[in-house]
Amino acid sequence: MILSCGEALIDMLPRTSTEGEACFAPYAGGAVFNTAIALGRLGAPSAFFSGVSTDMLGEILADALVASKVDTRFLARSDRPTTVAFVKLVNGQATYAFYDEATAGRMLSTADLPDLPPDVQALFFGGISLVNDPAASTYEAFQARECGTRVTMIDPNIRPGFIAGKEAAYRDRIGRMIARADIVKLSDEDLHWLEGPGDPTELARGILSRGPKVVFVTEGARGARAVTATQNRFVAAQKVAVVDTVGAGDTFNAGVLAALHRARVLTKAGVAALPDATLDAALDLGTRAAAVTVSRAGANPPWEVEL
């Protein structure tokens, strides 16, 4: 089982009413939530851990997980409100305004951390859940607790506007979590935000020197690569008509993890010695699944049959 650990929220996506007025429509979302959904739809054993409200919006989130075959037994339910993000789209690119104070997700604490059964092979972390305490410290503590025996993957999915005023502490936390992780995924923009200018492969190798075994780098419409100490594998992106990019990276993450699960290499030893063919299969499934997501509105990952 793959346990995705991080934010679940309601994306308010821009729409036009039947009267022609600008409006927003609620959609279940959140980067880590999207990855859990995509894993379930791709046929991988998927579970989700987060602070989720018992309010009306929290029920939308829980129902969406169940509908995509995601195990919800690890949810930490509370009567705090649900995080909401208003989305602005410009030429298909998304920017966000988050409303996260005192929410069920934000107030997650170490007392909420679940005991994990043996069939949880891997834990995935990332997104805005790693910015604000107490949730951010809770997720870091969870990774630190489990990383010695289970595979952990992180995708920071950096939102500079959300980090404003907290950059130093955020960089320190991300640095520690990257050093503990077996798998790191970064967009090329995130890679440069963390590491500065330079060749993406060389920057990725710098990250490998801190502890991870493989770094996946997505390069937008070009494609994606996987970098290890001795390998640099690249797969070109499929050409599709892009509606918006919401959920693209999250779906890519799910494709990578689903492919590694199919190959039976989601172990500490397996991830440390991935052959070229397995890396290629992970890149292929990640890019194909993401191509479907960007071809339709919102974070709507594909089911396995669609691929």
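Everything that follows concerns the structure shown earlier in this document.
Everything quoted here is computed from the prediction, not taken from an experiment.

### Re the sheet that holds strand β3 (residues 22–29)
Phase 1: Strand order across the open sheet formed by four strands is β3-β2-β8-β9, with mixed pairing between neighbours. Lying at the two open borders of the sheet, with one neighbouring strand each, are β3 and β9 (93–99). Neighbour to neighbour, the strand axes of the sheet diverge by 30° on average, direction disregarded.
Phase 2: Sheet topology places strand β2 (residues 9–16) next to β3; eight bridges connect them, and they run antiparallel. The partner of Asp 11 across the bridge, within β3, is Tyr 27.

### A closer look at the pattern of salt bridges
Phase 1: Taken as a whole and judged by the stated rule, the model has 21 salt bridges.
Phase 2: Residues Asp 71 and Arg 73 are paired through a salt bridge, measuring 2.8 Å at the closest nitrogen-oxygen approach.
Phase 3: We classify Asp 71 as partly exposed; its relative accessible area is 21%.
Phase 4: A relative accessible area of 49% means that Arg 73 is categorised as partly exposed.
Phase 5: A salt bridge links Arg 262 to Glu 304, with the nearest nitrogen and oxygen atoms 3.3 Å apart. On the criterion of sequence distance, the pair formed by Arg 262 in helix α8 (residues 248–262) and Glu 304 in the segment after α10 (276–294) is long-range, its members being 42 residues apart.
Phase 6: The partly exposed category is assigned to Arg 262, whose relative accessible area is 44%.

### Concerning the side chain of Arg 173
Phase 1: For Arg 173, the position within the fold is in helix α5 (residues 167–180).
Phase 2: Here the side chain of Arg 173 touches Leu 130 through a polar contact of 3.4 Å, landing on its backbone oxygen.

### Points about the environment of Val 84
Phase 1: Inspection of the secondary structure puts Val 84 in strand β8 (residues 84–90).
Phase 2: Taking the C-alpha atoms as reference points, Val 84 and Leu 257, separated by 173 residues in sequence, lie 27 Å from one another.
Phase 3: Those residues within four positions of Val 84 in sequence are excluded, and the remaining contacts are Ile 10, Met 12, Leu 57, Ala 97, Phe 98 and Tyr 99.

### Thoughts on the nonpolar core
Phase 1: Ranked by size, the top nonpolar core spans 45 residues in total, and within it Phe 48, Ile 183, Val 214, Phe 216 and Leu 260 carry the most contacts.
Phase 2: With 42 residues, the next largest nonpolar core counts Ala 47, Val 131, Ala 135 and Tyr 170 among its residues.

### Some thoughts on the pairing of strand β13 (residues 214–218)
Phase 1: Counting buried positions along β13 yields five of five residues, so the element is predominantly enclosed.
Phase 2: Covered by surrounding structure in β13 are Val 214, Phe 216 and Thr 218 together with Val 215 and Val 217, the residues of both alternating faces.
Phase 3: Where strand β12 (residues 183–187) meets β13, five bridges bridge the pair, whose relative direction is parallel. Pairing of Ser 187 across the sheet is with Thr 218, part of β13.
Phase 4: Relative to strand β14 (residues 223–227), β13 is paired through four bridges, and the arrangement is antiparallel. Note on β14: the bridge partner recorded for Val 215 is Val 227.
Phase 5: The hairpin turn running from β13 into β14, its antiparallel successor, is four residues long, and Gly 220 in that turn takes a positive phi close to 60°.

### Some details on empty space enclosed by the protein
Phase 1: Here the structure, examined in full by the defined rule, presents two cavities of 30 Å³ or more.
Phase 2: The wall of the largest cavity is formed by 13 residues, among which Glu 7, Asp 100, Gly 105, Arg 106 and Ser 129 lie closest to the centre.
Phase 3: Its residues assigned to classes, the lining of the largest cavity comprises five nonpolar, five polar and three charged.
Phase 4: Considered as a void within the structure, the second largest cavity measures approximately 30 Å³ in volume.
Phase 5: The leading source of residues in the lining of the second largest cavity is strand β5 (residues 51–53), at three residues.
Phase 6: Residues that form the lining of the second largest cavity fall into these classes: five nonpolar, five polar and no charged.

### Looking at the packing of helix α1 (residues 31–41) against α8
Phase 1: Contact geometry for α1 and α8: axes closest at 8 Å, N-to-C directions at 45°. Compared by their axis directions, α1 and α8 come out oblique. The two elements α1 and α8 meet at a crossing, and its hand is right-handed. On the side of α1, the interface is formed by Ala 31, Asn 34, Thr 35, Ala 38 and Leu 39, while α8 contributes Asp 250, Thr 251, Asn 253, Ala 254, Leu 257 and Ala 258.
Phase 2: Within the contact of α1 with α8, the residues separate by chemical class into six nonpolar, four polar and one charged.

The rules behind these values
- Residues numbered from 1 in each chain as written.
- Predicted model: local features only at pLDDT ≥ 70, side-chain atom pairs only at ≥ 80, totals over all residues.
- Heavy atoms only, no water.
- Pairing = 2+ DSSP bridges.
- Helix = DSSP H or I, 4+ residues; strand = E, 2+ residues; numbered from the N terminus.
- Axes fitted to C-alpha atoms, helices over the stretch in contact; angles between N-to-C directions.
- Salt bridge = Lys/Arg side-chain N within 4 Å of Asp/Glu carboxyl O.
- Buried < 20%, exposed > 50% of the residue type's maximum accessible area, 1.4 Å probe, protein only.
- Polar contact = N/O pair within 3.5 Å; in protein donor to acceptor, adjacent residues only side chain to side chain.
- Contact = heavy atoms within 4.5 Å.
- Core = buried A, V, L, I, M, F, W, Y, C linked by side-chain atoms within 4.5 Å.
- 1 Å grid on protein atoms, 1.4 Å probe; cavity = no way out; pocket = protein on both sides within 12 Å on 5 of 7 lines; lining within 4 Å.
- Points joined across faces, edges and corners; volume = space filled by probe spheres on them.
- Nonpolar A, V, L, I, M, F, W, Y, C, P; charged D, E, K, R; others polar.
- Parallel < 35°, antiparallel > 145°, perpendicular 65-115°, else oblique.
- Left-handed = near helix turned anticlockwise from the far one by under 90°.

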